[in-house]
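# Structural features, examined
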Amino acid sequence: MPFPTTPPSDGTRTYTAEELLVLARSTRWQDQVTAATRNTITPEVLQALMVPGIHHEVTLALISRPNVTEEELSWLAEHTDSPHALGRIAGHPKASTGTLKAIRDRSAQEEWEGWTHLHGFVVIMLSRRGVTQES
């Protein structure tokens, strides 16, 4: 019998590593978010989730993991089109200065208002690290 792909509302459902891998490979972003939010995420599950075209909700779930790495944040920043996700990455304490600069440069080229707000936010985050606009 297949396992349920929707966790109970109380969040108590425990998944095996194999079940999380199935969820991560699902075509439903909701299943992928379920896999991304588990503390027991394995490298295989992470690899299955971090693919080009990743859904922004999955990106947000991965960013929120307590053990997310700077390398993962950098990859996610490069592969998302979501200003919201990029703002979360820019505000993350593990985001590198290089990742922030890449987001700043990318957001400066976009014309949509949300990107303008993102650009201003990233400039502020960089200035807190002593990085000027010219750097």
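Residues numbered from 1 in each chain as written. Predicted model: local features only at pLDDT ≥ 70, side-chain atom pairs only at ≥ 80, totals over all residues. Heavy atoms only, no water.

## Notes on the overall build of the protein chain
Across its full length, the protein chain holds 8 helices and 0 strands. Listing the helices and strands of the protein chain from first to last along the sequence gives α-α-α-α-α-α-α-α. The buried share of the protein chain, reckoned over its 135 residues, is 42%. Counting only contacts in the protein chain whose residues sit at least 6 apart along the sequence, the fraction spanning at least 24 positions is 50%. Here the protein chain displays about 7,700 Å² of accessible surface, and carbon together with sulfur accounts for 55% of that area. (Helix = DSSP H or I, 4+ residues; strand = E, 2+ residues; numbered from the N terminus. Buried < 20%, exposed > 50% of the residue type's maximum accessible area, 1.4 Å probe, protein only. Contact = heavy atoms within 4.5 Å. Areas by Shrake-Rupley, 256 points an atom, 1.4 Å probe, with all protein chains shown as cover.)

## Focus on the packing of helix α4 (residues 56–63) against helix α6 (residues 83–90)
Between α4 and α6, the shortest axis-to-axis distance is 9 Å and the interhelical angle comes to 10°. If you check the angle between α4 and α6, you find them roughly parallel. The chirality of how α4 crosses α6 is left-handed. Side by side, α4 and α6 meet where T59, L60 and I63 of the first sit next to H84, A85, R88 and I89 of the second. (Axes fitted to C-alpha atoms, helices over the stretch in contact; angles between N-to-C directions. Parallel < 35°, antiparallel > 145°, perpendicular 65-115°, else oblique. Left-handed = near helix turned anticlockwise from the far one by under 90°.)

## Topic: the environment of G98
Looking at the element boundaries, G98 is found in helix α7 (residues 97–108). A sequence separation of 28 residues divides G98 from L126, and the C-alpha atoms of the two residues are 9.8 Å apart.

## Some remarks on helix α2 (residues 29–36)
Residues of α2 that are buried: D31, Q32, T34, A35 and A36. Where α2 is buried, its residues meet α1 (17–24), α3 (43–49) and α4.

## Describing helix α5 (residues 70–79)
Those residues of α5 that sit buried are E72, L73, L76 and A77. Here the buried residues of α5 occupy an arc of 135° about the axis, which is enough to place them on one side. Counted as exposed and oriented over 90 degrees from the buried face of α5: E71 and E78. (Arc of directions from axis to C-beta.)

## Some points on the pattern of salt bridges
For the coordinates displayed, the defined rule picks out 4 salt bridges. The partner of D31 in a salt bridge is R28, and the shortest N-O contact between them spans 3.1 Å. Since its relative accessible area comes to 38%, R28 is described here as partly exposed. (Salt bridge = Lys/Arg side-chain N within 4 Å of Asp/Glu carboxyl O.)

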